[in-house]
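Chains, contacts and geometry: an overview
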There are 4 protein chains.
Amino acid sequence: MSHNSFGHLFRFTTWGESHGPAIGCVVDGTPPGITLKAEAIQHWLDRRKPGQSRFVTQRREPDAVQILSGVFEDQTTGTPISLLIQNEDQRSKDYSKIKEQFRPGHADYTYWAKYGVRDYRGGGRSSARETASRVAAGAVARAVLNHVLPKPVEIQGALVQIGAHKIDRAHWDWAETERNPFWSPDAAMVPRWEEYLDQTRKAGSSVGAVIEVVARNVPVGLGAPLYGKLDADLAAAMMSINAVKGVEIGAGFEAAQLTGEENADEMRMGNEGVKFLSNKAGGILGGLSTGQDVVVRFAVKPTSSINTPRKSVTVGGEDVETSTQGRHDPCVGIRAVPVGEAMMAVVLADHLLRHRGQIGL
Amino acid sequence: MSHNSFGHLFRFTTWGESHGPAIGCVVDGTPPGITLKAEAIQHWLDRRKPGQSRFVTQRREPDAVQILSGVFEDQTTGTPISLLIQNEDQRSKDYSKIKEQFRPGHADYTYWAKYGVRDYRGGGRSSARETASRVAAGAVARAVLNHVLPKPVEIQGALVQIGAHKIDRAHWDWAETERNPFWSPDAAMVPRWEEYLDQTRKAGSSVGAVIEVVARNVPVGLGAPLYGKLDADLAAAMMSINAVKGVEIGAGFEAAQLTGEENADEMRMGNEGVKFLSNKAGGILGGLSTGQDVVVRFAVKPTSSINTPRKSVTVGGEDVETSTQGRHDPCVGIRAVPVGEAMMAVVLADHLLRHRGQIGL
Amino acid sequence: MSHNSFGHLFRFTTWGESHGPAIGCVVDGTPPGITLKAEAIQHWLDRRKPGQSRFVTQRREPDAVQILSGVFEDQTTGTPISLLIQNEDQRSKDYSKIKEQFRPGHADYTYWAKYGVRDYRGGGRSSARETASRVAAGAVARAVLNHVLPKPVEIQGALVQIGAHKIDRAHWDWAETERNPFWSPDAAMVPRWEEYLDQTRKAGSSVGAVIEVVARNVPVGLGAPLYGKLDADLAAAMMSINAVKGVEIGAGFEAAQLTGEENADEMRMGNEGVKFLSNKAGGILGGLSTGQDVVVRFAVKPTSSINTPRKSVTVGGEDVETSTQGRHDPCVGIRAVPVGEAMMAVVLADHLLRHRGQIGL
Amino acid sequence: MSHNSFGHLFRFTTWGESHGPAIGCVVDGTPPGITLKAEAIQHWLDRRKPGQSRFVTQRREPDAVQILSGVFEDQTTGTPISLLIQNEDQRSKDYSKIKEQFRPGHADYTYWAKYGVRDYRGGGRSSARETASRVAAGAVARAVLNHVLPKPVEIQGALVQIGAHKIDRAHWDWAETERNPFWSPDAAMVPRWEEYLDQTRKAGSSVGAVIEVVARNVPVGLGAPLYGKLDADLAAAMMSINAVKGVEIGAGFEAAQLTGEENADEMRMGNEGVKFLSNKAGGILGGLSTGQDVVVRFAVKPTSSINTPRKSVTVGGEDVETSTQGRHDPCVGIRAVPVGEAMMAVVLADHLLRHRGQIGL
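Read on for an overview of the structure. The structure presented is a predicted model; accordingly, all values stated were derived computationally and were not measured.

1. Some words on the packing of helix α7 (residues 230-239) of chain A against helix α6 (residues 230-239) of chain B
Orientation of α7 of chain A relative to α6 of chain B, taken along the N-to-C sense of each, is 160°, at an axis distance of 8 Å. Classified by the interaxial angle, the pair formed by α7 of chain A and α6 of chain B is roughly antiparallel. When the axes of α7 of chain A and α6 of chain B are compared, the crossing they make is right-handed. Across from Asp231, Ala232, Ala235, Ala236 and Met239 of chain A in α7 of chain A, the residues of α6 of chain B making contact are Asp231, Ala232, Ala235, Ala236 and Met239 of chain B. A per-class count over the contact of α7 of chain A with α6 of chain B returns eight nonpolar, no polar and two charged.

Quick look at the structure:
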């Protein structure tokens, strides 16, 4: 049990607060002999970087990752990989309000109630800034997957819903996700979300979102019943991301409305073995990967830092109306897309290393 | 990492196949000095027992639990508690079909693809029979919660949806859940579900369901950021139950549609400390319990054993039409209610033991 | 962390008290497709069984093991293997003394001080009876080693010292260990130990012993620096056996007296790769197996149940002189030989499963 | 399972190679509200620092530790503490020999055989430099012990043997350990060891050593039977230190020669509860602390880097005579004293956090 680590044979441990000197992670379990350069990790960090559109937080950080160990002459050595990202945008700010007043819907209150001492600056440990470490670990996980597997695993995420506005799945185009600031797979949705988020920001409000992450070329047999199920680990992985309130696999909650006939993915023999005629299971049956695409969806609540005053209490036990000043992130879910991709990579890499002996890889 | 264990300081390990000589679990971490009799565990097992209405599987088992260790003169001693349940209803049956043909939507195929050897009788290890061990472990977890906490934790589950038929939350009555075979909190829904399930069974079909589990009197501060979050563990716990495809906390997927104002649970000072004016968070913020009710919902897919023929393949690699003969469970979700309660108890007991030093208990 | 489990990918969990209804273990992580019959496990249990010579405890138990799960048609299925041994020799006895008075040198006092409630009958959980579960788990571990490795691992233990009487290593003959009740590899030592132990028992006293366990055909590369070292796990494994007070690898404490020249095992190229010219390292360098024999030694203290009165205190806080009545085990170290072998098998099987992906097995 | 982490509720993860940019560790599980400044950690690092006498390696490093997270306004916050030490003394050197030839008795060969790729500079990951991270983590562990316990735990280490030269325990004076470069508790031994080590170094040789570490004021009840025993964890902790080949608790291997009467520590009621009249048990019975001093001893082999040529092989599979050029460490055991102290602190802090709920702390 370690509260700041995730995974078993592929395992990362994150550390760092939003406004401390740096954040980072230690990635353990990477097999030796994998080419790994800082630039390859940087590529994925740049995808996540804030300040890239008007719809996400304006904190500007280069987020330049340094590899401090575990790599020798651009090759992993099998020893732990320490990754460090300096915190540069620690503008001197007035933190008296956030120090004294709990933001409703935020971890302010629970951290204070449990730990007493807390680094309240910018959310401290509960800041979404920690997700940069996840993305860095996810980049290493991708390298592991590509190294061990004969066919590279492809992991892609998309935003499928902002507020009540859901994309039209008939319009789904993965290439489109790289062309708009929302990772929307539906081009037609982009202007509607832009308008909706502009309104939301102007209103000093925020909204939630739903993200879908898909992994292709996952071999059959990752996961282990009954408490090392691939879907149970994916659920924990996604639920551990800040602000996530729900996770589903394949048909998910929709499965409750299906009949057995509709839900059961039929099978036929194909040229390369069993072929499924549908994927309601989201690529997982009995906790084990089926060889189909692994499909995970998760819901992100609206950010709790809003400009509208809300009823709250102070550290000293007084009732108060509180609100967050200045610019804020109207939809924190957008930035969760690369984080969900990273967690998918980490879970798959961990299970690959756990089960490779069993599945002949 | 252990594939058949769950929890850390309170931890259980299950074993057993549907048609082997017995099933059971070892519960480790129970503090000493807690009164524990077999009858107290039996009470919860009887709640889960199949064959109690025409809507659940007709397997008839006394499911009598034996305590083999860890209890001396009706008191726990702090050593591991071994619980054993004999399998009695192992009717000699023709398993040739289930041995040869994969049921679509079932773990048959993935177990076979990964492990080769499998005990296919009655689903073997992937049978819902394993959940009896969870319920037994949950009974011990409840005893731990009640022993350590000054105020007993109350855990209750309810079925809130079968197929497309959702209960009316305005009718919610916890007492009602004990009066009908569905754990429905909405009396008006009972006859509708009865009719719907009778039709479903007659049609040789099955349907999914949604279960809600609520825990009251949970102290503030259970859980630990960032990878030991209470919600992440609850998500893993529920997703590890057979046939579960989605998990949500509090507002869950609905949170995606809320604004920041709607989602943020406002606070006021009350006589016994902070009071929340709503519970969209489902009792968890930043991975830590808030002191409000912990609310979890999960979706169960329709059982894959249906009488309608579906396209499938055989172990030998031939295309086939397959169906399950005989009586079957039209809605396996009904039996998941006590299992969800048990997993809630286990997660809370584990976190209580992990964090009691920090929260003064 | 689980207090009653050992290992990671190969992992067993033991349960049971000396005078409860049964003892047993759950073995998790066994690959599927390994032939495993109860008789094969029984073979190793019979080696350990008490009552086989006048030098060990006279408790007579058939110690018949039952396989309750994880094996189907004599083949492992990859699911947890539950092993159960009934306790039959639970003679009704007067436990009032052991209940009230702490035996000096025994766990009586610490269990009582920590747990309050304890099953004092026959030592309860702290009884050496628990080691039967270890031997059963070790039997499964041997099957795993033999299944995964191209060349069977051979594990053998020997008693090398009783009291101050050490065997002469120049006389070492492994075959001899199977021919005498002490597992002595030195035939000449057998009559001397017999005489010494007869005296010891007549005097109502007891003595300690040193056990050596050797594993042959261990592949290069088991273990992982820096906190998953093979030797660190072996040290924990052996130190977890009842009454063990010291563990050493290869030259062990003797290494403190060696010069660098003496200690460094020189190497030469042989027909099958690197050959070492000596084995001071005991087959482990940097926490990784070298391919040489893995050699572990451990010291067992004299049993604390002796007939001679010693100063002690009672549960009620009174000074007292206490002694154990009746027959006792003059040298509990004898029975530790098969237990040490079993723990060696378990550690190697666990590391084999953890590292097989890396070392091409 | 994590190969580069140690502990459970108090847990540290180390990373870094001897000649990489930095080394460090992440310490997880520290309770909030403990005063912790870099200077307090630096104090213990300075104790371990090489280059302080002519008897230890001349690598000169300031070893200045930085706290990168987990501490806010000089108080721990309960979040992970990231500690970083820059590597400054990375003199450009010719590594061609160490790259090509395996030093007998060193991890060179096993790392190469398992991982292929390795950072051979200065021993890379297998360098004793990693122990600086252990000492840093140990400093945090000491702060935890002092914070949680009513009476500060005192942990002290001493060197009790170099080569065949053992201290006279009748001369034991803890104050003396701070006055000589060997941590010798026996002043009379200091000149003899000086002379012996000077000879050893001149001869291009090296010798082993034995270290003893004692912890006072340890509460009763730390540890948990049967696989979370305090002594089993201490054995793993000490055996994980570079070059350690043996570990013993209390009487250790000497216990094999004792009779039951000699070994059993008698008890009497004292003013503050049970008093033991001797401490053969080394403060641990049945895996649980007794309240007496916890006493651990471990043997360190001679360093394998010696100036005398030894038979070895090359990476390319050629026989070779190899030796280490330049200055070397004649007795690496000296520097192991503060490392052993640190590991004792870590194990006790971990067990304190695991068991505090049970023992009322």
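2. Topic: the packing of aromatic side chains
How two aromatic rings sit relative to each other is given by the distance of their centres and the angle of their planes. Taken as a whole and assessed by the stated rule, the structure comprises 49 aromatic pairs over all chains. Taking 6.0 Å as the distance between ring centres and 55° as the angle between the ring planes, the aromatic pair formed by Phe6 of chain C and Tyr227 of chain D counts as tilted. In this pair, Phe6 of chain C is assigned in strand β1 (residues 5-7) and Tyr227 of chain D in the loop between β10 (209-216) and α7 (230-239), connecting two distinct chains. Owing to a relative accessible area of 11%, Phe6 of chain C belongs among the buried residues under this scheme. With a centroid separation of 6.5 Å and an interplanar angle of 55°, the aromatic rings of Tyr95 of chain D and Tyr120 of chain D are classed as tilted. Taken as a pair, Tyr95 of chain D in the loop between β7 (81-86) and α2 (96-100) and Tyr120 of chain D in the loop between α3 (108-115) and α4 (131-148) lie far apart in primary sequence, 25 residues in all. As far as the burial class goes, Tyr95 of chain D and Tyr120 of chain D line up, both buried. Seen from the ring of Trp44 of chain C, Arg142 of chain C lies directly overhead, with NZ or CZ sitting 3.6 Å from the centre.

3. Points about the relation of the copies chain C and chain A
The transformation that overlays chain C on chain A combines an axial shift of 0.0 Å with a rotation of 180°, and the residual RMSD is 0.0 Å. In short, the pair behaves as if placed about a two-fold rotation axis. Measuring from the rotation axis to each C-alpha of chain C, the shortest distance belongs to Gly357 of chain C, at 2.8 Å. An overlap of 100% is found between the interface residues of chain C and their copies at the interface of chain A, pointing to a shared contact surface.

4. Here we look at the packing of helix α1 (residues 38-48) of chain C against helix α4 (residues 131-148) of chain C
All names here are of chain C. Between α1 and α4, the least distance of the axes is 9 Å, while the angle of their chain directions is 140°. As far as their axial angle goes, α4 and α1 are oblique. In this structure, α1 meets α4 at a crossing whose hand is right-handed. Residues Ala40, Ile41, Trp44, Leu45 and Arg48 of α1 form the contact with α4, whose participating residues are Thr131, Ala132, Val135, Ala136, Ala139, Val140 and Arg142. A per-class count over the contact of α1 with α4 returns nine nonpolar, one polar and two charged.

What counts as what
Residues numbered from 1 in each chain as written. Chains lettered and ligands numbered in written order. Predicted model: local features only at pLDDT ≥ 70, side-chain atom pairs only at ≥ 80, totals over all residues. Heavy atoms only, no water. Axes fitted to C-alpha atoms, helices over the stretch in contact; angles between N-to-C directions. Helix = DSSP H or I, 4+ residues; strand = E, 2+ residues; numbered from the N terminus. Parallel < 35°, antiparallel > 145°, perpendicular 65-115°, else oblique. Left-handed = near helix turned anticlockwise from the far one by under 90°. Contact = heavy atoms within 4.5 Å. Nonpolar A, V, L, I, M, F, W, Y, C, P; charged D, E, K, R; others polar. Phe/Tyr/Trp six-rings, centres within 6.5 Å; stacked < 30°, edge-to-face > 60°. Buried < 20%, exposed > 50% of the residue type's maximum accessible area, 1.4 Å probe, protein only. Lys NZ or Arg CZ within 6 Å of the ring centre and 35° of its normal. Least-squares fit on C-alpha atoms with pLDDT ≥ 70 in both.

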